[in-house]
Each structure stands twice: as C-alpha cells, then as structure tokens.
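# Observations on the model geometry
Chain by chain, the residues run as shown.
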Amino acid sequence: MARYTQAVCRLCRREAQKLYLKGSRCYGPKCAWEKRQTPPGAGSGGTQGGKKGRIIKPSDYALQLRAKQKCRRIYGVLETQFRRYVREAQRERGVTGEALLQHLERRLDNVVYRAGLAPSRSAARQAVRHRHVAVNGRVVDIPSFSVREGDVVEVRERSRPKKPFALAKESGGGAQVPQWLDVDWSQFRVAVKGVPTREQIDSDVNEALIVEYYAR
C-alpha cells in the first residue's frame, strides 16, 4: 500500500502551519516548525512572494489547491485515494464537503488516532498495519477500512501491554475524544456511536474549496 515516506515536517512548512503529523513532538521544543517556518525551496530568508519579496495575491486555483493538499496531508491520504473519496462524496445526498470529511473521519486509522490510542495518524496507521487492532472481534489490517455506526474498535488483548498502548492509557487518551466515539480504557475499546457531523469534526479544513477544486 502506497504511503508518504519522506520528511513530514516540510509538509507543515509548505502549508504554513502546524499539521501535527508527529504526535507529541509537535507540542515540544523539538518541533521543526518552531525552528524554521519558511516554505521548502524558499531558502533561509525566502518568502512566498515574488521578486524582491513582493507579495503576490494567490489565485482561486492556488487557494483550492492548497486546501486540497492540506486536507490530504492531515489525514495521510495520497492523491488517488483522496480523489476516490471525493467521487464517493459527490454521489451522496447532502453537502458534498461534509460527506468527504465524514469518509476521512471514518477511516480506521483516524478512529484509532481520534480515540487517543495513538499519538498521530501515522502511528495509528502503523498499529493497524501491524495487526494490533480489531473491529467487531475480527483483526483488520487495512488503515482505510471505513467504520460504521455500531462498530466496536479495540486493541487486541495480546497487544495491550505494549508500550505505545500502555502510554496512551496512562495519559488518558491525550487528545480530546470526539462525541461520536465512546472510549472504554479498561478494555481499550472504542464504540462508534454514529457518523460525525461537521460540528464534531475539528480539522482545520476548508472543504468548500476542495469541492470547487474537483468541480473544475
């Protein structure tokens, strides 16, 4: 399965904001974004403007592209798969942008991250790929697996003593658990109470611009 394998801190610099792709490191003094906030390729004193530091107003296309790229990078999805999510959202009734975010939120790796069982989505993805996670009692090793209302996601019993999950339990999950999930730390179990609404999704994403990008 394809995945991004290069340095992720440059992605934060490209989007000109923290994307929190490396878990607890992003909150400490070692965060690369705190040390260098210029975009990749701009040089030590470069800017995103034109010659002599002139500020260039981004076009509508540029704004749409940046919104799409930021969303992809937050959820750790490559272009082909992201385009598939967009097509599925376009076929559904209701608001296309909200449907897109619902598809991304219901990914198994995102659920593991949102529940606090992993410090980042990349760590959650690794936990799923290494067969530490089960859905409704069956092991699932596909990070893109889409959970549904009523599903129960849990860390396998033999994996619970492992350090990452023990640390997650000690910290009480660390992250704020969204309302559409219910976490039972005594069993390392997450119940999916429903499909998240836009108000329950705290990702800093402008989904309207993404929909416009793919509607061109």
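Residue numbers here run from 1 along each chain, matching the order of that chain's written sequence. Residues qualify for local features only when their pLDDT is at least 70, as the model is predicted, and side-chain atom pairs are given and counted only at 80 or more; totals for whole chains, interfaces and linings, by contrast, use all residues. In computing side-chain values, all of the structure's heavy atoms are included and hydrogens and water are not.

## Observations concerning the packing of helix α5 (residues 96-105) against helix α9 (residues 207-214)
Two quantities define a packed helix pair, namely the angle between the helix axes and the distance between the axes. Running from N to C, α5 and α9 point in directions that differ by 105°, and their axes come no closer than 8 Å. Between α5 and α9, the angle is such that the two are roughly perpendicular. Contacts between α5 and α9 involve T96, G97, E98, L100 and L101 on the former and, on the latter, E207, I210 and V211. Each residue is assigned to one of three groups, with Ala, Val, Leu, Ile, Met, Phe, Trp, Tyr, Cys and Pro labelled nonpolar, Asp, Glu, Lys and Arg labelled charged, and all others, Gly among them, labelled polar. Here the contact of α5 with α9 is composed, by residue class, of four nonpolar, two polar and two charged. Only the stretch in contact is used when a helix axis is fitted, and all axes are lines through C-alpha atoms; the angle between N-to-C directions ranges over 0 to 180 degrees. In this description a helix means any DSSP run of H or I spanning at least four residues, a strand means any run of E spanning at least two, and both kinds are numbered starting from the N terminus. Any angle from 65 to 115 degrees is called roughly perpendicular, while one under 35 is roughly parallel, one over 145 is roughly antiparallel, and all others are oblique. Residues count as neighbours in contact if any of their non-hydrogen atoms are within 4.5 Å of one another.

## Section: the confidence of the model for the protein
With 73% of its residues at a pLDDT of 70 or more, the protein shows a mean pLDDT of 83. By mean pLDDT, the top-scoring element of the protein is strand β3 (residues 152-155) (98), and the lowest-scoring one is helix α2 (residues 32-35) (56). Values of pLDDT, the confidence the predictor places in each residue, fall between 0 and 100.

## Details of the nonpolar core
In a soluble, globular protein the nonpolar side chains are often hidden away together inside. As used in this record, nonpolar core signifies buried Ala, Val, Leu, Ile, Met, Phe, Trp, Tyr and Cys residues forming a set joined through side-chain atoms within 4.5 Å. For each residue, the accessible area found with a 1.4 Å probe, counting protein chains only, is set against the maximum for its type, and the residue is called buried under 20%, exposed over 50%, and partly exposed in between. Among the nonpolar cores identified, the biggest contains 24 residues, and L108, V111, V112, L117, V153 and V190 are the most heavily contacted of them. Of all elements in the fold, only α6 (108-114), α7 (121-129), β1 (133-135), β3, α8 (163-170) and β5 (189-192) reach the threshold of two or more residues within this core. Take this core: its biggest share by element is four residues, from α6. Those residues in contact with V112 that lie beyond four places of it in its chain are L117, A118, A124, V128, V133 and V153.

## Some points on the sheet that holds β5
When DSSP finds two or more bridges between two strands, those strands count as paired. Strand order in the open sheet made by the five strands is β2-β1-β3-β5-β4, with antiparallel pairing throughout. Only two strands of the sheet have a single neighbouring strand rather than two, namely β2 (138-139) and β4 (181-184). Pairing of β3 with β5, which is carried by three bridges, proceeds in the antiparallel orientation. Following the sheet pairing, V152 is matched in β5 by A191.

## Some remarks on the pairing of β5
Across the two faces of β5 the burial differs, with V190 and V192 buried and R189 and A191 not buried at all. As judged from the four bridges shared by β4 and β5, these two strands associate in the antiparallel manner. Of the residues in β5, the one forming a bridge with D182 is A191. The antiparallel hairpin formed by β4 and β5 contains four residues in its connecting segment, where F188 sits at a positive phi of about 50°.

## What to know about unusual backbone geometry
Despite not being glycine, R131 shows a phi value in the positive range, around 65°. Examined against the element boundaries, R131 turns out to sit in the loop between α7 and β1. Of note, N136 is a non-glycine position whose phi angle comes to about 55°, a positive value. Mapped onto the elements, N136 comes out in the loop between β1 and β2. With relative accessibility at 47%, the residue N136 sits in the partly exposed group.

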